[in-house]
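What follows is each chain in one-letter form.
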2 protein chains.
Amino acid sequence: MSAVTCGITVSLDGFVAGPNQSLENPFGEGVDGRLHRWMFEQPEVNAVEIDALSSAGAFIMGRNMFGPGRGAWDETWQGWWGDNPPYHAPVFVLTHHPRTSLTMHGGTTFTFVTDGVESALAQARAAAGGENVCIVGGAATINQCLAAGLIDELRLHIVPVTLGAGERLFEGVDDLTLEPLDARSTELVTHMKYRVIR
Amino acid sequence: MSAVTCGITVSLDGFVAGPNQSLENPFGEGVDGRLHRWMFEQPEVNAVEIDALSSAGAFIMGRNMFGPGRGAWDETWQGWWGDNPPYHAPVFVLTHHPRTSLTMHGGTTFTFVTDGVESALAQARAAAGGENVCIVGGAATINQCLAAGLIDELRLHIVPVTLGAGERLFEGVDDLTLEPLDARSTELVTHMKYRVIR
């Protein structure tokens, strides 16, 4: 069976975003791009890991990653990524608000799933056609999946800054055991790959 | 001038010890040796990093690392390490309770410093004779030193388990920036080395 993977950028003190995420500050206050400089400023030296972020047959993301705010989105909201999002595959978005699927350019579709992560995973597996399913975030969705034992491979991109506050990875995920598979540092980030041990 | 280093073992979710540390559970409840298996079960493959933990001209530790409890220690308490502690150099212990220095076997001395970490650092630098000074823990002492900008090199030994609670590294240390120098994984731990950028 295909694997369920997860890749996420995290500060050294464990935050995937700062506090008070909004349309103006999608990664939270005080972050100012510091978490994702490694992708945008040094794409060549981090090419393998950047490719891995978007290489799956289907993706799952939380509502907090698809758009800002706590309620239903305006029907015109189509995500942060413009007409041609970087996924190029079916993306299943967890939400409490039913919505018609979106078909974007480049092969990305957004399907809104209102009956939970297990349902999203079943739909993503079916859509992935034997390829991996990737959980892309945010922290709440990843933590929920880790706690439920749904993730096989975890890739952390650890950025050498501390934020002090925000959305914390592993919150509520106690007693997890993993196996380190690989680690390498570039100037702006350390890439770590783990197998999750059930 | 010699460098100030710090090496600490930490869970993947950022804890250096579990909650409720005591004489019976020096690393806190629920840890059960999981944080330090890499040293005791696989000393050969982690030899370089184990050597680095005790290679300094002098050491500084917090009161919580020297002994259990919150108050003054019984005068018979001489640390966790027996007659011949692994430091083999002067160790300066931060405490609020004055106490006569201890001379142990193998070159380790414990000197109790009651006037703060800057004083301990000055004494340690003088005692180190040009060699590095190493901050050995616990979390509160390391966090205090990081926040005060006293540490030049930080070595993290990241153990692939989550604890969910305990003594958290980087608590109160926001807005720190580091440079990754090296990273390597063995079966039970990932070793990461950083230079702290002032």
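Scoring rules and cut-offs
- Residues numbered from 1 in each chain as written.
- Chains lettered and ligands numbered in written order.
- Predicted model: local features only at pLDDT ≥ 70, side-chain atom pairs only at ≥ 80, totals over all residues.
- Heavy atoms only, no water.
- Pairing = 2+ DSSP bridges.
- Helix = DSSP H or I, 4+ residues; strand = E, 2+ residues; numbered from the N terminus.
- Least-squares fit on C-alpha atoms with pLDDT ≥ 70 in both.
- Contact = heavy atoms within 4.5 Å.
- Axes fitted to C-alpha atoms, helices over the stretch in contact; angles between N-to-C directions.
- Buried area = accessible area lost by both parts, 1.4 Å probe.
- Salt bridge = Lys/Arg side-chain N within 4 Å of Asp/Glu carboxyl O.
- Polar contact = N/O pair within 3.5 Å; in protein donor to acceptor, adjacent residues only side chain to side chain.
- Core = buried A, V, L, I, M, F, W, Y, C linked by side-chain atoms within 4.5 Å.
- Buried < 20%, exposed > 50% of the residue type's maximum accessible area, 1.4 Å probe, protein only.

Can you explain the pairing of strand β11 (residues 190–197) of chain B? Please cite residues and give values.
Residue and element names in this part refer to chain B. In terms of strand pairing, strand β8 (residues 153–159) meets β11 through 6 bridges, oriented antiparallel. Looking at β11, one finds that L156 is bridged to M192. For strand β10 (residues 177–185) and β11, the ladder comprises 8 bridges, and the chain directions are antiparallel. What sits directly across from E179, in β11, is R195. Count of turn residues in the β10/β11 antiparallel hairpin: 4 residues.

Would you mind going over the relation of the copies chain B and chain A in detail, with residue names and values included?
Of the two same-sequence chains, chain B is brought onto chain A (RMSD 0.0 Å, axial shift 0.0 Å) by a rotation of 180°. This pairing of chains is accounted for by a two-fold axis. When C-alpha distances to the rotation axis are compared across chain B, the minimum falls at A183 of chain B, with a value of 2.9 Å. Most of the interface of chain B is mirrored in chain A: 100% of its interface residues are interface residues there too.

Break down the sheet that holds strand β7 (residues 133–137) of chain A for me, with residues and values.
Residues and elements named next belong to chain A. If you trace the 9 strands from one edge of the open sheet to the other, you get β5-β6-β4-β3-β7-β1-β8-β11-β10, paired in mixed fashion. If you trace the sheet from one side to the other, it starts and ends with β5 (102–103) and β10 (177–185), each paired once. Across 3 bridges, the pairing between strand β3 (residues 58–61) and strand β4 (residues 90–94) is parallel. Residue pairing in the sheet places F59 in a bridge with V91 of β4. Where helix α4 (residues 117–128) meets the sheet, it contacts β1 (4–11), β3, β4, β6 (109–113) and β7, and its direction lies at approximately 175° from that of β4.

Tell me what's going on with the interface of chain B and chain A, and back it up with residues and numbers.
The interface of chain B with chain A comprises 29 residues on the first partner and 29 residues on the second. When chain B packs against chain A, the two sides together hide about 2200 Å² of surface, and 60% of this comes from carbon and sulfur. The interface formed by chain B and chain A contains 2 salt bridges. The shortest N-O distance in the salt bridge between D175 of chain A and R34 of chain B comes to 3.2 Å. Applying the counting criterion to the chain B and chain A interface returns 10 residue pairs in polar contact (both at pLDDT 80 or more).

Report on the nonpolar core, specifying residues and quantitative values.
Core analysis: the largest hydrophobic core is formed by 74 residues, its most contacted members being I60, I151 and L156 of chain A together with I60, I151 and L156 of chain B. What I151 of chain A contacts, discounting residues up to four positions off in sequence, is V4, C6, I135, I142, C145, L146, V196 and R198 of chain A.

Please set out the environment of L178 of chain B residue by residue, giving values where relevant.
Structurally, L178 of chain B can be placed in strand β10. In this structure, the C-alpha to C-alpha distance between L178 of chain B and V133 of chain B, residues 45 residues apart in sequence, is 19 Å. Discounting residues that sit within four places of it in the chain, L178 of chain B has contacts with L12, P160 and V161 of chain A together with L154, Y194, R195, V196 and I197 of chain B.

Let's hear about the sheet that holds β11 of chain B: which residues, and what values?
Residues and elements named next belong to chain B. Spatial strand order, β5-β6-β4-β3-β7-β1-β8-β11-β10: 9 strands in an open sheet with mixed pairing. Unpaired on one side and paired on the other, β5 (102–103) and β10 mark the two borders of the sheet. Set on the sheet, helix α4 (residues 117–128) makes contact with β1 (4–11), β3 (58–61), β4 (90–94), β6 (109–113) and β7 (133–137); between it and β4 the angle comes to about 175°. Packed on one face of the sheet, helix α5 (residues 139–147) meets β1, β3, β4, β7 and β11 and runs near 135° to β7.

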